[in-house]
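# Structural characterization, general
Here's the letter readout for the chains.
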Amino acid sequence: MSQTPVRRLRLGAPVLLLAAAMLAAGCAPDQYPQTTLIPRADFAREADTLMRQTLLWATIVFVLVEGALLFAIWKFRNRPGAAEPVQTHGNTTLEIVWTIIPAFILAMIAVPTVRTIFKTSQRPGPGALQVEVIGHQWWWEFRYPELGITTAGELVVPSGRTVSLEMTTADVLHSFWLPQFAGKRDVFPGRYNNLWFKAEVEGNFPAQCVEFCGVQHGRMAYRIVSVTPEAFDAWAANFNAPPKDFTADSTANPLVREGQRLFTAKGCGGCHAMYPALPLIGPNLHHVGSRSHIAAGTLENTDENLARWIKNPQEWKTGVLMPNLGLTDQETAAIVAYLRANQ
Ligand code: HEC
Ligand SMILES: [Cu+2]
């Protein structure tokens with residue numbers, strides 16, 4: 001009998017598993033993976049260097065200890081007629097050596113560890129871009145006090161400039177993580193924790209809340225969008241422009257005007273602000289049309305996904321704190337057009 005089907009299955013299984021995992025994740029692989037192993041900022045490099053140094057010492061210890069163990073097993077294995085090996089009780093030289101060597105290795109790990117802890121706990125100096133990070137069930141809010149900006153889901157930063165994050169939560173504990181740029185810090189109600197980094201590259205990087213915070217913790221993602229300083233200034237200037245009032249503009253697209261009317265009539269404005277710096281219960285939606293993702297970084301910002309979300313947010317994020325407002329397809333399309341026009 002041929003074994004081909006079995007072999008094909010064996011080869012196919014890992015490929016199928018990978019495909020299934022990607023389907024489960026619901027997305028194509030990101031341009032940049034969500035990993036700490038490719039540092040792209042000063043803070044992340046500190047942690048990475050420490051990790052590599054510690055790993056090096058651990059590898060040396062592992063090779064020496066396992067090597068000695070294997071050697072002893074081989075050398076003193078039982079052989080027919082072999083005499084009992086020499087029995088040693090107490091050897092001062094040996095004891096001094098095996099106390100000094102581990103003490104030396106521990107010092108080689110402890111000194112850089114403590115140094116890195118102190119260095120990464122320092123507050124950045126003046127000139128850093130201040131951003132307030134606020135965790136919510138289940139999305140992250142970003143406020144730029146110096147720029148008068150409140151936004152959500154995407155932390156936009158200029159590359160080459162230190163960003164100082166003051167972080168807290170509006171409800172339960174969450175943990176903010178910048179995989180490629182810095183470490184993780186838990187956020188607590190009524191307390192501010194700091195984290196800082198200076199992005200070395202531009203790009204759109206995925207990240208994820210890392211403290212279990214309720215039913216939709218898994219879909220509490222966000223993006224770190226690093227852009228050139230010029231692009232950042234342009235983004236901030238554009239963001240600061242007040243929202244357009246299409247209802248007052250008789251030449252505006254009627255669908256967009258209807259969308260703006262519905263946005264107020266259906267109560268969206270009770271939870272969502274359209275003004276640049278106004279925080280409300282839900283994410284600030286000023287310029288939501290220009291974000292790369294919606295639903296806390298979990299859905300690509302296409303017209304289809306925006307409509308799907310607005311029509312029934314509970315379908316994608318069960319238990320989410322945005323109610324299903326029972327909109328018709330037409331009403332949804334009008335609101336999508338309005339949100340898109342405001343960017
Ligand atoms: C009771 C408050 C509430 C109301 C009313 C409400 N929302 Fe929301 N909305 C939220 C919350 C909370 C979120 C964040 C959900 C999450 O991702 O966990 C959200 C998320 C969103 C998002 C995604 C934003 C992003 O960047 O991820 C959009 C778009 C949105 N709402 C549009 C609307 C529209 C349009 C309406 C009116 C039809 C509306 N919302 C009504 C609370 C509300
Ligand atoms: Cu969380």
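Residues numbered from 1 in each chain as written. Chains lettered and ligands numbered in written order. Predicted model: local features only at pLDDT ≥ 70, side-chain atom pairs only at ≥ 80, totals over all residues. Heavy atoms only, no water.

The subject of this paragraph is the coordination of the copper ion (ligand 2). Within the protein, His174 (ND1), Cys209 (SG), Cys213 (SG) and Met220 (SD) serve as the donor atoms for the copper ion (ligand 2), at 2.1 to 2.6 Å. Relative to the metal, the four donor atoms surrounding the copper ion (ligand 2) lie at angles of 93 to 129°, and the coordination shape comes out tetrahedral. Mapping the donors of the copper ion (ligand 2) onto the primary sequence yields the spacing H-x34-C-x3-C-x6-M. A relative accessible area of 4% places Cys213 in the buried class. (Donors = N, O, S within 2.8 Å, 3.2 Å for Na, K, Ca; no water. Tetrahedral: all angles 85-135°; square planar, octahedral: opposite > 155°, others 65-115°. Buried < 20%, exposed > 50% of the residue type's maximum accessible area, 1.4 Å probe, protein only.)

Here we have three strands laid out as an open sheet, ordered β4-β10-β9, and mixed in their pairing. Both outer strands of the open sheet, β4 (154-158) and β9 (203-208), are each paired with one neighbouring strand and no more. Averaged over all neighbouring strand pairs, the angle between strand axes comes to 20°, with direction disregarded. For β9 and strand β10 (residues 221-227), the ladder comprises six bridges, and the chain directions are antiparallel. Among the inter-strand pairings, Gln208 is bridged to a residue of β10, identified as Ala221. Sitting on the sheet, helix α4 (residues 229-240) touches β4 and β10, and the angle it makes with β4 is about 130°. (Pairing = 2+ DSSP bridges. Helix = DSSP H or I, 4+ residues; strand = E, 2+ residues; numbered from the N terminus. Axes fitted to C-alpha atoms, helices over the stretch in contact; angles between N-to-C directions. Contact = heavy atoms within 4.5 Å.)

If you trace the backbone, Glu154 turns up in strand β4. Buried within the structure, Glu154 lacks any salt-bridge partner; Arg291 is the closest side chain of opposite charge, at an N-O distance of 5.9 Å. There is a polar contact of 2.6 Å between the side chain of Glu154 and the backbone nitrogen of Ser292. In this view, Glu154 contacts Phe142, Arg223, Val225, Arg291, Ser292 and His293; residues no more than four positions away in its chain are not counted. (Lys, Arg positive; Asp, Glu negative; His and termini not counted. Salt bridge = Lys/Arg side-chain N within 4 Å of Asp/Glu carboxyl O. Polar contact = N/O pair within 3.5 Å; in protein donor to acceptor, adjacent residues only side chain to side chain.)

This part takes up the sheet that holds strand β1 (residues 129-136). Sheet architecture is open: five strands sit in the order β3-β2-β1-β5-β8, paired in mixed fashion. The sheet terminates laterally at β3 (149-152) and β8 (193-198), the two strands that pair on one side only. In this sheet, adjacent strand axes meet at a mean angle of 25° when their direction is disregarded. Sheet topology places β1 next to strand β5 (residues 162-169); seven bridges connect them, and they run parallel. Bridge assignment links Val133 to a residue of β5, and that residue is Met167. Against the sheet, α4 makes contact with β1, β2 (139-144) and β3, and its axis sits at roughly 100° relative to β3, the strand it touches most.

Each angle at a metal carrying four tetrahedral donors should ideally be 109.5 degrees, and each at a metal carrying six octahedral donors should ideally be 90 or 180 degrees. Binding of the iron atom of ligand 1 to the protein goes through His272 (NE2) and Met322 (SD), at separations of 1.9 to 2.2 Å. Relative to the metal, the six donor atoms surrounding the iron atom of ligand 1 lie at angles of 85 to 178°, and the coordination shape comes out octahedral. Placement of His272 in the loop between α6 (268-271) and β11 (293-294) and of Met322 in the loop between α8 (313-316) and α9 (329-341) is noted, with a sequence separation of 50 residues between them. Considered together, His272 and Met322 belong to a single accessibility category, that of buried residues.

Next up on the list: the environment of Phe263. The residue Phe263 is located in helix α5 (residues 254-265) in this model. In this structure, the C-alpha to C-alpha distance between Phe263 and Glu230, residues 33 residues apart in sequence, is 33 Å. Sequence-distant contacts of Phe263, that is, excluding residues within four places in its chain, are made with Cys268, Gly269, His272, Met274, Leu285, Ile335, Tyr338 and Leu339.

This next bit is on the site of ligand 1. Taken together, 23 residues lie around ligand 1, and Cys268, Cys271, His272, Arg291 and Met322 are the ones closest in. Here an oxygen atom of ligand 1 sits 3.3 Å away from a polar atom, N or O, in the main chain of Trp138. Contact between ligand 1 and His272: a nitrogen atom at 2.7 Å from a side-chain N or O atom of the residue. Contributing elements (two or more residues each) for the shell around ligand 1: α6 and α7 (303-311). (Near = heavy atom within 4 Å.)

Next up on the list: the pattern of salt bridges. Applying the stated criterion to the full structure yields 11 salt bridges. Residue Glu46 pairs with Lys119 through a salt bridge whose shortest N-O separation is 2.8 Å. With Glu46 in helix α2 (residues 42-75) and Lys119 in helix α3 (residues 92-121), this pair connects stretches of sequence that are 73 residues apart. Judged by relative accessible area, Lys119 falls into the partly exposed class, the value being 34%. Among the salt bridges present, the one from Glu141 reaches Arg143, with a minimum N-O distance of 2.6 Å. Since its relative accessible area comes to 24%, Arg143 is described here as partly exposed. Each of Glu46, Arg115 and Lys119 takes part in one network of salt bridges that share partners.

Glancing now at the packing of α7 against α9. Taken N-terminus to C-terminus, the directions of α7 and α9 make an angle of 125°; their axes are 9 Å apart at the nearest point. Comparing the axis directions of α7 and α9 gives the class oblique. Remark: the crossing between α7 and α9 carries right-handed chirality. In this structure, α7 uses Asp303, Leu306, Ala307, Ile310 and Lys311 to contact α9, whose residues at the interface are Asp329, Thr332, Ile335, Val336, Leu339 and Arg340. Its residues placed into classes, the contact of α7 with α9 shows six nonpolar, one polar and four charged. (Parallel < 35°, antiparallel > 145°, perpendicular 65-115°, else oblique. Left-handed = near helix turned anticlockwise from the far one by under 90°. Nonpolar A, V, L, I, M, F, W, Y, C, P; charged D, E, K, R; others polar.)

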